[in-house]
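As a plain string of letters, each chain reads:
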Amino acid sequence: MKRWLIVLGLLGLAVGFAQVRTLDQIRRSGEIRIGTEGEFPPFNYFDEKNQLVGFEIDLGNAIAKKLGLKPVWITQAFDSLLIQLNQGRFDFVIASHGITEERAKAVDFSDPHYCTGGIIVSKKGGPKTAKELRGKVVGVQIGTTYMEAAQKIPGIKQVRTYQKDPDALQDLLSGRLDAWITDRFVAKEAIKERKLENTLQLGELVFQERVAMAVAKGNKSLLQALNQALADLMKDGTYAQISKKWFGEDVRCK
Amino acid sequence: MPSWLRVFVFLALLLGGYFGLFALLGVVLERYFLLTGFGPDRAASAAQAMALGAEITLKLTLISGLAGLVIGVFAGMFRLSRRLWVRLPASFYIWVTRGTPLLVQILFAYNALPLLLKPLWPEAQQVLTPYWAAFIALSFNVGAYNAEVVRAGIQAIPKGQWEAAWSLGLSPADTMRFVILPQALRIVVPPLVNNVVALLKDSSLASVIALTELALSGQRIISATFRPVEVYLAVAAIYLLLTTVLTFFTNLLERRLQVAGR
């Protein structure tokens, strides 16, 4: 949280100089700069060959192709992505940002590109529902919507924040946490990657979430183009194909 | 052997050693990751990514340490100047740099500096990549600490040395250059080395602006494999290895200077 405040303070300084590119300016340059985190499998991460891959990377590339532009990927820390977006360091961000009121004040969100939920992960025999979390210690990644959701669950003893999801998982395994709340796809990926099927269990979804791309506040021309491209991809089957490749199911919002 | 040849051979060995170190590191890391239960593909790429991260860490430390040395010598001298307009900017620089956290300086160099420079230099945002932003922040940071070390070294030289030089007709600038600085720099080698070793570890803070140095390359592997214990163990070991290599060379340097001083 402190780091977030420092970044915010520093950027308050510079907001007056912010420069954001409109769709025309992007078209003229021929390249579209896309911001993401690169540490959130299976959505955006570095694979065995150290290449940036994932569901959102495939989707971002497909959108750039639809717009006739060359994608240029830029990875930055998750908690500063939206701030740098407003500074014009990239043209849009696709990094699994759940739509929240607070974020919608700072940036403009596109139509959601998938739907998900925050899930409770615990050791076998541990809490599975929000009710059972009463009096328990819960871990979440800092700056995420799961953090906000966990803080709203009544009766929780303590919400611990971690820089990264794997740190929270580690504390869950070592017994310092009773439960870990994270994205349901991340939880599945973690259990698969570390072969923890016999140790951990998935509980209920604590909330539903719509996840969208973001553009700088007021960048209407680009937002419309993104929405159009996304709608086209959903219609022509490209979206379903990418989604099946990563999840074995279609993750679009119903 | 003529001296130019000796210098040449020494540099060639150094360069070979540099690349050899990271190649070897890659092989060792791959073995280690295989042993700790990573798949063969993942072990190879993780080892490669971490060896690359280690190289970036060392390179960044070396160039910002060098720049910080130059900044430190000048800022340290200027702080002792009798002229107010020389002394004041140097004091101000040291005050600000030592008084703010390096983390904030790195974030500032990357996130705020390009926007502040934009009116004068429109391409600043493209030029100040994470690497160069980290270089600026680290070299100015270590420069301020070096400046105080250099100042202490200059003040440690007895007054008689100044008086002797002046009585021989040397100007104040020449006295500084030929009499005081060479003696002072010899005194301050150990604390300067200390600053460079600290700098190597501090460079891990550059991971906040997504510079893929050693710490961040480790974090990226963790985020894909969910195995913090194995990876952080390797990261810590590599930092220890790098600081050990660094102190080995600086110990050599120190010993040489000592002999020359006697």
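Just so you know, these numbers come straight off a predicted model, no measurement behind them. (Residues numbered from 1 in each chain as written. Chains lettered and ligands numbered in written order. Predicted model: local features only at pLDDT ≥ 70, side-chain atom pairs only at ≥ 80, totals over all residues. Heavy atoms only, no water.)

Draft legend 1. Molecular detail of the packing of aromatic side chains. Under the definition given, this model contains 23 aromatic pairs over all chains. Ring centres of phenylalanine 55 of chain A and tyrosine 239 of chain A lie 5.9 Å apart, and the angle between their planes is 85 degrees; this geometry places the pair in the edge-to-face category. Residue phenylalanine 55 of chain A is found in helix α3 (residues 55–66), and its partner tyrosine 239 of chain A is found in helix α10 (residues 238–247); the two are separated by 184 residues along the sequence. The exposure classification of phenylalanine 55 of chain A matches that of tyrosine 239 of chain A, with both residues buried. Aromatic pair tryptophan 132 of chain B and phenylalanine 135 of chain B: ring centres 5.4 Å apart, planes at 85 degrees, arrangement edge-to-face. Taken together, the residues span about one helical turn, with tryptophan 132 of chain B and phenylalanine 135 of chain B both in helix α6 (residues 130–155) at a distance of 3 residues. Of the residues examined, tryptophan 132 of chain B reaches a relative accessible area of 40% and is grouped as partly exposed. An aromatic cluster of at least three residues, connected via ring pairs, comprises Phe40, Phe43, Phe55, Tyr114, Phe185, Tyr239 and Phe247 of chain A. Lying over the aromatic face of tyrosine 110 of chain B, arginine 89 of chain A brings its terminal NZ or CZ to 3.7 Å of the ring centre. Taking the ring centre of phenylalanine 38 of chain B as reference, the NZ or CZ of arginine 227 of chain B above it sits at 5.2 Å. (Phe/Tyr/Trp six-rings, centres within 6.5 Å; stacked < 30°, edge-to-face > 60°. Helix = DSSP H or I, 4+ residues; strand = E, 2+ residues; numbered from the N terminus. Buried < 20%, exposed > 50% of the residue type's maximum accessible area, 1.4 Å probe, protein only. Lys NZ or Arg CZ within 6 Å of the ring centre and 35° of its normal.)

Draft legend 2. Up close: the pattern of salt bridges. The final tally for this structure, using the stated rule, is 14 salt bridges over all chains. A salt bridge links glutamate 102 of chain A to lysine 105 of chain A; its shortest N-O distance comes to 3.8 Å. Taken together, the positions of glutamate 102 of chain A and lysine 105 of chain A, both in helix α5 (residues 101–106) and 3 residues apart, correspond to about one turn of that helix. Here glutamate 102 of chain A matches lysine 105 of chain A in class, with each residue exposed. Taken together, the salt bridges that share partners define one network made up of Arg79, Arg98, Glu148 and Arg151 of chain B. (Salt bridge = Lys/Arg side-chain N within 4 Å of Asp/Glu carboxyl O.)

None of this, on its own, says anything about what the molecule does.
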